[in-house]
Amino acid sequence: MTGRPAGRRRRVAGACATVAALALALCAGCGKKAPLRLPDQRPAERAGAPRLSVREGQVTLEFSVPAHRVFPERQDPWVLARILRRDIPARDFVEVGTILERNGFAFEAPLSWSEAARSAGSSAYRVEFRDAARQRRALSDPVEIAWQQPPAAPAGVTASGDDHAVVLAWVPPSGPAAGARYRVYRREAPDGQVESLTPVPLEEPRHTDSRVKPAREYCYRVRAVLGPPAGEVEGPSSAEVCARTDDVTPPPPPAALHVTAGPGSFQLTWDEVAVPDLLGYRIYRSIDDGPLELLTPMPVRGNAWREETPGARAGARYRYVVTAVDTAARANESPFSPAAEGPAVPAAGAP
């Protein structure tokens, strides 16, 4: 009787010890934490490569706010853009400027930053973006630029315009700037805003500006560009030249001119010329083999006209042509229509 309770106590004690050991094993990891990763140790997200340009002694860095997020669990906007520069052969990038937007940049918004250009050597730039908590960053690829003397301004720029386009041409700079590319700038006279017509520089020393409106004056300057697109150096402007887009295209000539004789007169009719800027028609006449004479200095409207000929010489032959005239500032006149002749003028009293 006395042995059994003791055995049961030993078995219960052993089971409790087993449970306790198991509990200790399960809780062995309780309270342990993974190694902390500081914000700078988290892989940087990638931002698009910036673009560099040098003009008028300033280097300008142009870039866009990145939208792609590698870690999508948070969508906090970027609030800080740090401009980093490495002057080659230095190894490390240093901060040379910042752009701060406390409410956050719009994703993919364009930004730019400028500083004074250098005169020699090479530099590399990159941009780092940070969110408000400094827990996340995005880093652009570096872009390098070799500082060099800007190319000379193109010379001999000419501009000629019509109602459809302005055609420009210039003389390429010589010497170290040989092989340069070109960028064309335009403003609408008298005080329009200057705009670049050629974001991608031209390879040839000529350009046709077809983005024009009739009866306007446009003024142009040209700059030479050296270097790759990611780090180009732009020289000073050429002298400004201007051109008007006056309408120089004449209407087509009238067709189907007919002449019929009446009592002491000739009646002319022709087909209308279908152009939106038609002003009217000019009538020319020759008698026998004489020269053409303008009869209507002020253009006539409509497609019919009568000439009274009460004093015409008997037997004279009247020959007519018609032209169309438009409303341009310098009126454009069409070529002559095919000629039409009236019958010979009968002698007085002839039946």
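Coordinates for the structure precede this section.
Residues numbered from 1 in each chain as written. Predicted model: local features only at pLDDT ≥ 70, side-chain atom pairs only at ≥ 80, totals over all residues. Heavy atoms only, no water.

Student: Is there a simple way to think about the sheet that holds strand 11 (residues 166–171) in this case?
Tutor: Whether parallel or antiparallel, the strands of a sheet pair through hydrogen bonds between backbone atoms. Strand order in the open sheet made by the three strands is 10-11-14, with antiparallel pairing throughout. Because the sheet does not close on itself, it has two edges, and the strands there are strand 10 (155–161) and strand 14 (206–209). The mean inter-strand angle of the sheet, taken between neighbouring strand axes irrespective of direction, is 15 degrees. Here strand 10 pairs with strand 11 via five bridges, running antiparallel. Each residue of the ladder has a partner; that of Ala 155, found in strand 11, is Val 171. (Pairing = 2+ DSSP bridges. Helix = DSSP H or I, 4+ residues; strand = E, 2+ residues; numbered from the N terminus. Axes fitted to C-alpha atoms, helices over the stretch in contact; angles between N-to-C directions.)

Student: When you look at the side chain of Thr 309 in this model, what are you seeing that I'm missing?
Tutor: Relative to the helices and strands, Thr 309 is located in the loop between strand 22 (304–308) and strand 23 (318–326). Assessed through its relative accessible area of 12%, Thr 309 is described here as buried. Here Ser 265 takes part through its backbone nitrogen, which lies 3.4 Å from a polar atom of the side chain of Thr 309. (Buried < 20%, exposed > 50% of the residue type's maximum accessible area, 1.4 Å probe, protein only. Polar contact = N/O pair within 3.5 Å; in protein donor to acceptor, adjacent residues only side chain to side chain.)

Student: Can you walk me through unusual backbone geometry in this structure?
Tutor: Note on backbone geometry: most residues besides glycine have negative phi, and most peptide bonds are trans. Following Ile 88, the chain continues into Pro 89 via a peptide bond in cis, with omega recorded as 20 degrees. With respect to the element layout, Pro 89 can be found in the loop between strand 4 (78–88) and strand 5 (94–100). Cis geometry marks the peptide bond from Ala 189 to Pro 190, where omega comes out at 10 degrees. If you trace the backbone, Pro 190 turns up in the loop between strand 12 (181–188) and strand 13 (195–196). Although it is not a glycine, Glu 108 adopts a positive phi angle of roughly 70 degrees. When you line up the elements, Glu 108 lands in the loop between strand 5 and strand 6 (110–116). Although it is not a glycine, Ala 256 adopts a positive phi angle of roughly 60 degrees.

Student: I'm lost on the state of the cysteines in this one. Help?
Tutor: When the sulfur atoms of two cysteines share a covalent bond, that bond is a disulfide. For the structure shown, the criterion picks out one disulfide. Between the sulfur of Cys 219 and that of Cys 242 lies a disulfide, 2.0 Å long from S to S. What sets the handedness of the Cys 219 and Cys 242 disulfide is the S-S torsion sign, and at about 105 degrees it is right-handed. Of this pair, Cys 219 sits in strand 15 (residues 217–226) while Cys 242 sits in strand 17 (residues 241–244), placing them 23 residues apart in sequence. (Disulfide = S-S within 2.5 Å.)

Student: In this structure, what is going on with the pairing of strand 2 (residues 51–55)? I would like to understand it.
Tutor: Two faces, one strand: in a regular strand the side chains alternate between the faces of the sheet. By the bridge criterion, five bridges tie strand 2 to strand 3 (residues 58–64) in an arrangement that is antiparallel. When the sheet's bridge partners are listed, Leu 52 is paired in strand 3 with Leu 61. Joining the antiparallel neighbours strand 2 and strand 3 is a turn of two residues, in which Glu 56 adopts a positive phi near 55 degrees.

Student: Would you explain the packing of aromatic side chains in this entry?
Tutor: In this description, an aromatic ring pair is defined by two values, namely the gap between the centres and the angle between the planes. By the definition in use, this model includes nine aromatic pairs. Aromatic side chains Trp 78 and Phe 129 sit 6.4 Å apart centroid to centroid with 50 degrees between the ring planes, which places their arrangement in the tilted category. Of this pair, Trp 78 sits in strand 4 while Phe 129 sits in strand 7 (residues 122–131); the two residues are 51 residues apart in sequence, bridging distant segments of the chain. Residue Phe 129 is classed as buried on the basis of its relative accessible area, which comes to 1%. Taken together, the aromatic side chains of Phe 63, Trp 78 and Phe 129 make up a single cluster linked through ring pairs. Against the face of Phe 93 rests Arg 126, its NZ or CZ located 5.4 Å from the ring centre. Its end group placed over the ring of Tyr 185, Arg 223 keeps NZ or CZ at 5.8 Å from the ring centre. (Phe/Tyr/Trp six-rings, centres within 6.5 Å; stacked < 30°, edge-to-face > 60°. Lys NZ or Arg CZ within 6 Å of the ring centre and 35° of its normal.)

Student: What exactly am I supposed to notice about the pattern of salt bridges here?
Tutor: All chains considered together, the criterion is met by 30 salt bridges. Put simply, Arg 183 and Glu 232 hold a salt bridge, and the shortest N to O gap is 2.6 Å. Here Arg 183 is found in strand 12, whereas its partner Glu 232 is found in strand 16 (residues 231–234), with 49 residues between them in sequence. Across this residue pair, the class does not change: Arg 183 and Glu 232 are buried. Between Glu 293 and Arg 285 there is a salt bridge, with the nearest N and O atoms lying 3.2 Å from each other. (Salt bridge = Lys/Arg side-chain N within 4 Å of Asp/Glu carboxyl O.)

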